[in-house]
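Observations on the model geometry
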Amino acid sequence: ALSKLSKIIVFYFRRGLYEENIFKKDIETIFLFDLSDESYFRRLIPVIKSAKIIRASLNQYKYSSTKFYVFSLDCLLIAKLAGIKNGVLEVGDLIQNYTSSYFFRLFEKFVLKNIDGLVLTSKEYYNKYYINLINNKKTAFFFIDNKVSDSLTLSRVLKDARLPTNGPIVIGLVGLLRFTSQILRLISFVEGQSGNVLLKVFGDGPCKNILQNHKSNFIKFYGSFKSPEDLYKIYKQIDLNYVVYDPSTLNVRLALPNKLYESAFFGVPIIVSSNTYLSKIVKDWDIGGSVDCSDSEDFNEKMKNFINPKWIKRKRLNCYKVPNSSLIDDQEKIVKNIYYKILK
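Now for a look at the structure at hand. (Residues numbered from 1 in each chain as written. Predicted model: local features only at pLDDT ≥ 70, side-chain atom pairs only at ≥ 80, totals over all residues. Heavy atoms only, no water.)

Digging into unusual backbone geometry
Defined as follows: Counting from the N terminus, the helices are DSSP H or I runs at least four residues long and the strands are E runs at least two residues long.
For the peptide bond that leads from serine 227 to proline 228, omega is 10°, which places it in the cis range. For proline 228, the location among the structural elements is in the loop between strand 9 (219–221) and helix 8 (231–235). Even without being glycine, tyrosine 18 reaches a positive phi, approximately 50°. Its location among the elements puts tyrosine 18 in the loop between strand 1 (9–14) and strand 2 (28–34). A positive phi angle is found at aspartate 286, which is not glycine, with a value near 60°. Among the secondary structure elements, aspartate 286 is positioned in the loop between helix 11 (277–285) and strand 12 (288–291).

Right, dumping it as structure tokens:
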């Protein structure tokens, strides 16, 4: 979206996940480092080295005015160390370290005084967290939801939706594979249904090995995929979308993940964690159900209700009642506003 408005350079790290997803060829990119999941303090050396690389690159181009658009606090620190004074931070997820540690909250509060704009992917991030951190007039707030790419608009066809038949109900686990106990609870449920339920897994992440080790006639693992290109064929194969995360984290309680919008868009009812903002939206739209993974008996009873073909058909019709305007990505309008207000 920004590349349509301005010259941009993307400095990036690799995490070893979803490497099918690459940058468009007409966007200039500079690779920095491979990063693994580790403490932020152990990333200090890559942070310093990255800042040097960026500073050198910008000096080479001799840009008179450079702004940053960054996607994490450590990337913000890199931009500042590289000498870029102004710009925007986008927060896709609240990091547990920041929200649960007094030291990190103080650090974040200090950092947020030194940015021009903050982009959030859920309004609840502002209502329940950032409103208590930012009390300065400098920082402008913007909201970009994790909606479906507009390139998929023509893929929303009711007759193309998978119809529950007399065969097994197919539960889909799509995306970043994390939250071990929630995945193990699902595996246990599927294995206890004597072939009446299949689990199809499309994704990559920390829990990949668990799912690979449990591959069977009832559990199929397909690995990582390209988004948004592969989403249509994935959602055509499943009856339910399992989006149950660990609600003990503030991020899970407040986030609205892309799976919400994809499920409604493709007509696939969604199963989520109870007592979350996501579960409230799912209930308001009437497109799925919620479960509590801490209670195995309650979990299994609710899941048995959800694999009922009549229940699935009713929720599927409600999915298609959600208008495209609530589901299709409109970020270009917001990015254009950000650009002319802050980045130009």
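Remarks on the side chain of lysine 147
Applied cut-off: Partly exposed residues are those whose accessible area sits between 20% and 50% of the maximum for their type, while under 20% is buried and over 50% is exposed, using a 1.4 Å probe and protein chains only. All tallies of charge rest on Lys and Arg as positive and Asp and Glu as negative; His and the ends of each chain are not included. One side-chain nitrogen of Lys or Arg within 4 Å of one carboxyl oxygen of Asp or Glu is enough to make a salt bridge. Whether two residues touch is decided by their heavy atoms; if any such pair falls within 4.5 Å, the residues are in contact.
Inspection of the secondary structure assignment puts lysine 147 in the loop between strand 6 (140–143) and strand 7 (169–176). Buried within the structure, lysine 147 lacks any salt-bridge partner; aspartate 145 is the closest side chain of opposite charge, at an N-O distance of 4.1 Å. Aside from chain neighbours lying at most four places away, what touches lysine 147 is Tyr261, Ser325, Ser326, Leu327, Ile328, Asp329 and Asp330.

Digging into the packing of aromatic side chains
Under the convention used in this document: Two rings from Phe, Tyr or Trp (for Trp, the six-membered ring) form a pair when their centres are within 6.5 Å of each other. A pair whose planes differ by under 30 degrees is stacked, one over 60 is edge-to-face, and the rest are tilted. Each ring is checked for a lysine NZ or an arginine CZ that lies within 6 Å of its centre and within 35 degrees of its normal; such an atom marks a charge sitting over the ring.
Evaluation of the coordinates by the stated rule reveals 18 aromatic pairs. Seen in terms of ring centroids, phenylalanine 202 and tyrosine 222 are 4.8 Å apart; in terms of plane orientation they differ by 10°. Their pairing is stacked. On the criterion of sequence distance, the pair formed by phenylalanine 202 in strand 8 (residues 197–204) and tyrosine 222 in the loop between strand 9 and helix 8 is long-range, its members being 20 residues apart. With relative accessibility at 6%, the residue phenylalanine 202 sits in the buried group. A residue is classified by how much of its surface remains accessible, and tyrosine 222, at 43% relative accessible area, is partly exposed. Following the ring pairs from residue to residue traces out a cluster consisting of Tyr232, Tyr235, Phe265 and Phe266. Sitting over the ring of tyrosine 245, arginine 178 keeps its end group 5.8 Å from the ring centre.

A few points about the sheet that holds strand 6
To keep things clear, this is the line we draw: Any two strands are treated as partners once DSSP identifies two or more bridges connecting them. Orientation is described by lines fitted to C-alpha atoms, with helices fitted over the stretch in contact, and by angles between N-to-C directions that extend from 0 to 180 degrees.
Read across the sheet, four strands follow the order 3-4-5-6 without closing on themselves; strand pairing throughout is parallel. With one partner strand each, in any of the chains shown, strand 3 (68–70) and strand 6 form the two edges of the open sheet. Across the sheet, the mean angle separating the axes of adjacent strands is 20° when strand polarity is ignored. The pairing of strand 3 with strand 4 (residues 87–91) spans three bridges and is classified as parallel. Within strand 4, the position partnered with tyrosine 69 by the bridge is valine 88. Along the sheet, helix 2 (residues 73–81) contacts strand 3 and strand 4; its crossing angle with strand 3, the most-contacted strand, is approximately 160°.

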